[in-house]
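# Notes for the structure review
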Amino acid sequence: MKQHKRLRPNWDEYFIGIAKAVSTRATCLRRKYGAVITKDNIIVSTGYNGAPSGMKDCLEVGKCTRKELQIPHGERYELCHSIHAEANAIIRASVYELRDSTIYISGTDDDNNECSSEPCMMCKRMILNSRIARVVYSNGKKGFVIVNPKKWLKERV
């Protein structure tokens, strides 16, 4: 009898897939991002981009200010009503859970195509300040990038 080896995703593939699933809860009309924070391969927190609790989101209102004004990705975040997925995941975890953890980030654009999910400058600062040790984000090409956030210190984020 021939035995078939069962293929399983490695931990990074597994958790980036979960981040992609979390992104489906996003309320942004422009891009949907999901984040998963893990420690010792155990999920400690998740987050997706959307309006703060109690505030109407873009889905409810039916419009995106940044999209209407044709503002390029990565610019004029002050006009956005959403909190980023990374921030939502960070604020729902304890200091202990964040220290030396990994954050996984995945996103899709308004056509549901995978897009680069590299954190913005503000999220990079939050990741550094929360002591997250490793960042894994989708690169928009059905793959992902692994980063030690301490390298961002040289970039002056």
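Now for a description of the structure that goes with this document. (Residues numbered from 1 in each chain as written. Predicted model: local features only at pLDDT ≥ 70, side-chain atom pairs only at ≥ 80, totals over all residues. Heavy atoms only, no water.)

### Some thoughts on unusual backbone geometry
Positive phi outside glycine occurs at N41, with the angle close to 60°. Positionally, N41 belongs in the loop between β1 (31–39) and β2 (42–48). Residue classification places N41 among the partly exposed residues on the basis of a relative accessible area of 34%. Phi angles above zero are rare outside glycine, and D100 is one such case at about 65°. If you trace the backbone, D100 turns up in the loop between α5 (95–98) and β3 (102–109). (Helix = DSSP H or I, 4+ residues; strand = E, 2+ residues; numbered from the N terminus. Buried < 20%, exposed > 50% of the residue type's maximum accessible area, 1.4 Å probe, protein only.)

### Examining the side chain of N49
As for its placement among the helices and strands, N49 is situated in the loop between β2 and α2 (58–61). The class for N49 is buried, based on a relative accessible area of 5%. A polar contact is formed between the side chain of N49 and the backbone oxygen of R31, at a distance of 2.9 Å. Dropping the residues within four chain positions of it, N49 is found in contact with A26, T27, C28, R31, K32, Y33, S82, I83, H84 and A85. (Polar contact = N/O pair within 3.5 Å; in protein donor to acceptor, adjacent residues only side chain to side chain. Contact = heavy atoms within 4.5 Å.)

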